[in-house]
Amino acid sequence: WSSDVCSSDLKKNLESKTLLCEAAEKLVDEEDVISAFQQLQKLHEEWHEMGPVSRDMRETVWNRFKDASTAINKKHQSYFDTIRKQEDDNFELKKALCDKIEEFDFSNLNNYRGWDEATKKMIAWQQEWRSIGYAPRKVNQKLSDRYRKICDAFYSAKGEFYKETKNVLTQNSDQKIALCEKAEELK
């Protein structure tokens, strides 16, 4: 009876592993690469939990499963290579934008029109920054800190200009009121 049970087990294992091969082959066409990769990991776990197949079919069924796995793994790797390339491109774009903003000299701005025009430029650069996307994680924070420092310096200088201008206007207003009061007294 031992050879019958063993033979039927081998046959059942072959059927089960064939189903796993079919499932893995379907994953190759899955749009969501990450999901396909995760599902493949589960299929591998199932594969290893299953018993053996007959010796004459062992290599054939394993190669079929391995080929599907390789195709999915290549798509998974390619997906992340593409993301890394895009992040590297984003890094270069953001770095160039920081360079451009740092070159912008706002120290000579001394009137409302100048600050308004400069603010419009800064807002456009900020919109460009937000449209670019993430840089690689290892440099993203440092680059963001650099960008934030540049923007903070600009808006701090702008705030200082408006504060000083408001103080001057307030002093002028106070002086005019005092003159008016004196004129009324002399009247």
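Above this note sits the structure.
Keep in mind that this is a model prediction, so the values were computed, not measured.

Caption draft 1: Summary view of the overall build of the chain. Each helix and strand counted, the chain has five helices and zero strands in total. Written out in order from the N terminus, the α and β elements of the chain read α-α-α-α-α. Here the chain has a C-alpha radius of gyration of 35 Å; the compact-globule value for 187 residues is 16 Å, and the former is much larger. Burial statistics for the chain: of 187 residues in total, 26% are counted as buried. A separation threshold of at least 6 residues defines the contact pool for the chain, and within that pool the share at least 24 residues apart is 78%.

Caption draft 2: Geometry of the packing of aromatic side chains. Enumeration according to the criterion identifies 14 aromatic pairs in this entry. Measuring from ring centre to ring centre gives 4.4 Å for tryptophan 47 and phenylalanine 65, while their planes differ by 10 degrees; the resulting arrangement is stacked. Of this pair, tryptophan 47 sits in helix 2 (residues 33–49) while phenylalanine 65 sits in helix 3 (residues 55–103); the two residues are 18 residues apart in sequence, bridging distant segments of the chain. When the centroid spacing of 5.3 Å and the interplanar angle of 85 degrees are considered together, the rings of phenylalanine 161 and tyrosine 162 count as edge-to-face.

Caption draft 3: Fine view of the nonpolar core. The biggest cluster of nonpolar side chains holds 18 residues, and the ones touching the most others in it are Ile101 and Phe154. Taken together, the elements giving at least two residues each to this core come down to helix 3, helix 4 (112–132) and helix 5 (137–186). Once you skip the residues sitting within four places of it in the chain, isoleucine 101 turns out to touch Met122, Trp125, Tyr147 and Ile150. Residues Leu20, Cys21, Ala24 and Trp47 belong to the second largest nonpolar core, which totals 13 residues.

Caption draft 4: The arrangement of the packing of helix 2 against helix 3 in detail. Running from N to C, helix 2 and helix 3 point in directions that differ by 150 degrees, and their axes come no closer than 9 Å. Compared by their axis directions, helix 2 and helix 3 come out roughly antiparallel. The chirality of how helix 2 crosses helix 3 is left-handed. Counting all contacts with helix 2, which are made through Val33, Ile34, Ala36, Phe37, Leu40, Leu43, His44 and Trp47, the residues of helix 3 involved are Val61, Trp62, Phe65, Ser69, Ile72, Asn73, Lys75, His76, Tyr79 and Phe80. Class assignment of the residues belonging to the contact of helix 2 with helix 3 gives a composition of 13 nonpolar, four polar and one charged.

Caption draft 5: Expanded view of the pattern of salt bridges. Using the criterion set out here, one finds seven salt bridges in the structure. Of the charged contacts, one joins arginine 84 and aspartate 81 as a salt bridge, the two residues approaching to 2.7 Å between their closest N and O atoms. One end of the pair is arginine 84 and the other is aspartate 81, both in helix 3 and three residues apart, which spans about a single turn. Of the charged contacts in the structure, one is a salt bridge between aspartate 145 and arginine 148, with a shortest N-O distance of 3.1 Å. With a gap of three residues between them, aspartate 145 and arginine 148 both fall in helix 5, about one helical turn apart. One network of salt bridges, in which partners are shared, links Asp99, Glu102 and Arg146.

Caption draft 6: Highlighting the packing of helix 3 against helix 4. Two numbers describe how helix 3 lies on helix 4: the axes approach to 10 Å, and their chain directions differ by 165 degrees. One element, helix 3, and the other, helix 4, form an angle in the roughly antiparallel class. At the point where helix 3 passes helix 4, the crossing takes the left-handed sense. Residues Asn90, Leu93, Lys94, Leu97, Cys98, Lys100 and Ile101 of helix 3 touch helix 4, and the partners they reach there are Met122, Trp125, Glu128, Trp129 and Ile132. Here the residues of the contact of helix 3 with helix 4 sort into eight nonpolar, one polar and three charged.

Caption draft 7: Up close: helix 2. If you check helix 2, its first and last C-alpha atoms are 25 Å apart, about what 17 residues at 1.5 Å a residue would give, namely 24 Å. Along helix 2, the residues that are buried comprise Val33, Ser35, Ala36, Leu40, Leu43, His44 and Trp47. N-cap assignment for helix 2: the residue whose side-chain oxygen lies 3.2 Å from the backbone N of isoleucine 34 is aspartate 32.

Calculation rules
- Residues numbered from 1 in each chain as written.
- Predicted model: local features only at pLDDT ≥ 70, side-chain atom pairs only at ≥ 80, totals over all residues.
- Heavy atoms only, no water.
- Helix = DSSP H or I, 4+ residues; strand = E, 2+ residues; numbered from the N terminus.
- Rg over C-alpha atoms; globule rule 2.2 N^0.38 Å.
- Buried < 20%, exposed > 50% of the residue type's maximum accessible area, 1.4 Å probe, protein only.
- Contact = heavy atoms within 4.5 Å.
- Phe/Tyr/Trp six-rings, centres within 6.5 Å; stacked < 30°, edge-to-face > 60°.
- Core = buried A, V, L, I, M, F, W, Y, C linked by side-chain atoms within 4.5 Å.
- Axes fitted to C-alpha atoms, helices over the stretch in contact; angles between N-to-C directions.
- Parallel < 35°, antiparallel > 145°, perpendicular 65-115°, else oblique.
- Left-handed = near helix turned anticlockwise from the far one by under 90°.
- Nonpolar A, V, L, I, M, F, W, Y, C, P; charged D, E, K, R; others polar.
- Salt bridge = Lys/Arg side-chain N within 4 Å of Asp/Glu carboxyl O.
- Expected span 1.5 Å × (residues − 1).
- Polar contact = N/O pair within 3.5 Å; in protein donor to acceptor, adjacent residues only side chain to side chain.

Just geometry here; none of it tells us what the structure is for.
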